Amino acid sequence: MRTDLITREGYNALKEELDFLWRTERPEVTKKVAWAASLGDRSENADYQYNKKRLREIDRRVRFLRKRLEVLKVVDYSPQQDGKVFFGAWVEVENEAGDIKRFRIVGPDEIYGRKDYISIDAPMARALLKKEVDDEVSVPTPEGRKLWYVISIQYGPGNEL
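Residues numbered from 1 in each chain as written. Predicted model: local features only at pLDDT ≥ 70, side-chain atom pairs only at ≥ 80, totals over all residues. Heavy atoms only, no water.

Turning to the side chain of glutamate 25, a few remarks are in order. Within the fold, glutamate 25 resides in helix α1 (residues 8–37). Among residues more than four places away in sequence, those in contact with glutamate 25 are Phe20, Arg54 and Ile58. (Helix = DSSP H or I, 4+ residues; strand = E, 2+ residues; numbered from the N terminus. Contact = heavy atoms within 4.5 Å.)

Set out below in structure tokens:
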């Protein structure tokens, strides 16, 4: 099950994607399909077939985004979160071997294309919730439980590396 939470930045990015697909890319592809269809035999027309396929992909993504944006709940930063790990936090953790990881806990719709974001549904994120700096966190993994230590917690979109 996916959590229906999203940061303000993530929600705005999905809205921008929907707007771009619907107002910019879809009209362009529709024109190409109409132009290619006017050339005649569609069965051997690569422009027509490719753009028709792209149009279906755009329509599928638009439907998905519209449905998803209706159910998502935007979680904004609150000053009461300071000092503890909650949704939207940038967290830096270190394990016993000295490996350091830094990531932001976000909704599952925001993690794609980002190596520095993890989903709130991930075992690491679940284990970190409500922890403070210097707390020890036990995270379940396929190899067994791993220990991590919270080094720092920050909030805000401006904390990217």
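Spatial strand order, β5-β4-β3-β7-β6: five strands in an open sheet with mixed pairing. The sheet is open, and its two borders are formed by β5 (117–119) and β6 (136–141), each paired with just one other strand. The mean inter-strand angle of the sheet, taken between neighbouring strand axes irrespective of direction, is 45 degrees. Bridge count between strand β3 (residues 89–95) and strand β7 (residues 144–155): seven bridges; the pairing is antiparallel. When the sheet's bridge partners are listed, glutamate 94 is paired in β7 with tyrosine 149. (Pairing = 2+ DSSP bridges. Axes fitted to C-alpha atoms, helices over the stretch in contact; angles between N-to-C directions.)

Right, let's talk about the pairing of strand β4 (residues 100–106) for a bit. Counting buried residues along β4, five of its seven residues qualify, which places the element largely inside the surrounding structure. As judged from the five bridges shared by β3 and β4, these two strands associate in the antiparallel manner. Residue pairing in the sheet places glutamate 92 in a bridge with arginine 102 of β4. The turn joining β3 and β4, which pair antiparallel and follow one another in sequence, is formed by four residues; a positive phi near 90 degrees is taken by glycine 98. (Buried < 20%, exposed > 50% of the residue type's maximum accessible area, 1.4 Å probe, protein only.)

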